[in-house]
Amino acid sequence: MLQFDKVVLAVDGFRLTADWSLPAGARVAVIGPSGAGKSTLLSAVAGFLAPQSGQVLWHGADLGPMDPGARPVTILFQDQNLFPHLTLSQNLGLGLRPDLRLSAGQIQQVESVLDRVGLAGMGTRKPAQLSGGQIGRAALARALLRARPVLLLDEPFAALGPALKAEMLTLVAEVAKDTGAVVMMVTHDPQDALAFAGQTVLVANGVAHPPQDTAALFANPPQALRDYLG
């Protein structure tokens, strides 16, 4: 279980509170106006921002003392964070060994996960040789390799067209099912939330509100969500 226990996040005068939990395997959309604190919420889980007060817990253990790399978390950003001077296989291999001295078994792991996301035979390509959709698949491949139980998506597919974005979200759902991960997905698109997430967290007016059933939330949105949707 991922829990925000009376968490208060503060950045340059901005304040966000959260006090709720998610069970293992939950798929949750995080939606709200720009600047409301959606990415801030994910940063607290990933370890890039320490709470001013309260704790972020995983199965009851405080994540606060843990460095980002040691947390049970994988995060995907819009730019996917692929190193341009490394091949696709090397970028993925970093998730297994930072020095890239992979064993034969680890090399096979990389090849297998590339095949799993439809990138078989592309391991020698560099990011500049990949399409936007292929880069998105590569990011998911890295998440599969890391197999962390919490997967955070900070709008990694926002720049993709509708069809390709839908394909990526289907792949994310498959990854989540394979790993049993908790998934928190920041999105500005209600249709993404409805298609992917059983629950949605509304972030507005300094509060990350407790998760609600996605369909019910959009069928009867509170004023803050109505204001956002227009």
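Because the structure is predicted, anything quoted here is derived from the model rather than measured. (Residues numbered from 1 in each chain as written. Predicted model: local features only at pLDDT ≥ 70, side-chain atom pairs only at ≥ 80, totals over all residues. Heavy atoms only, no water.)

1. Some points on the overall build of the protein
1) Next: For the protein, the count of helices and strands is 8 helices and 11 strands.
2) Next: Relative to the compact-globule value of 17 Å for 230 residues, the protein shows a C-alpha radius of gyration of 18 Å, a close match.
3) Next: Here the protein holds 230 residues, and 47% of them are scored as buried.
4) Next: When contacts within the protein are restricted to residue pairs at least 6 apart in sequence, long-range pairs at least 24 apart make up 67% of them.
5) Next: When the accessible surface of the protein is totalled, it reaches about 10,500 Å², and 53% of it is carbon and sulfur. (Helix = DSSP H or I, 4+ residues; strand = E, 2+ residues; numbered from the N terminus. Rg over C-alpha atoms; globule rule 2.2 N^0.38 Å. Buried < 20%, exposed > 50% of the residue type's maximum accessible area, 1.4 Å probe, protein only. Contact = heavy atoms within 4.5 Å. Areas by Shrake-Rupley, 256 points an atom, 1.4 Å probe, with all protein chains shown as cover.)

2. Things to note about the side chain of Lys 165
1) Next: Secondary-structure assignment places Lys 165 in helix H5 (residues 162-179).
2) Next: The exposure class of Lys 165 is buried, given its relative accessible area of 15%.

3. Re the pairing of strand E1 (residues 2-11)
1) Next: Sheet analysis places E1 next to strand E2 (residues 14-22), joined by 8 bridges and oriented antiparallel. Residue pairing across strands places Leu 9 opposite Leu 16, the latter belonging to E2.
2) Next: Hairpin remark: E1 followed by E2, antiparallel, with 2 residues in the connecting loop; positive phi at Asp 12, about 50°.
3) Next: Both E1 and strand E4 (residues 53-58) contribute to a ladder of 5 bridges, which runs antiparallel. Each residue of the ladder has a partner; that of Val 8, found in E4, is Ser 53. (Pairing = 2+ DSSP bridges.)

4. Here's the deal with helix H3 (residues 104-116)
Note that an α-helix has 3.6 residues per turn; residues three or four places apart therefore point the same way.
1) Next: Compared with an ideal rise of 1.5 Å per residue, which puts 13 residues at 18 Å, H3 spans 18 Å between its outermost C-alpha atoms and is within 8% of the ideal.
2) Next: If you follow the buried residues of H3, they end up packed against helix H2 (88-93) and helix H4 (132-146).
3) Next: Immediately beyond the C-terminal end of H3, within one or two residues, lies Gly 118, with a positive phi of roughly 80°. (Expected span 1.5 Å × (residues − 1).)

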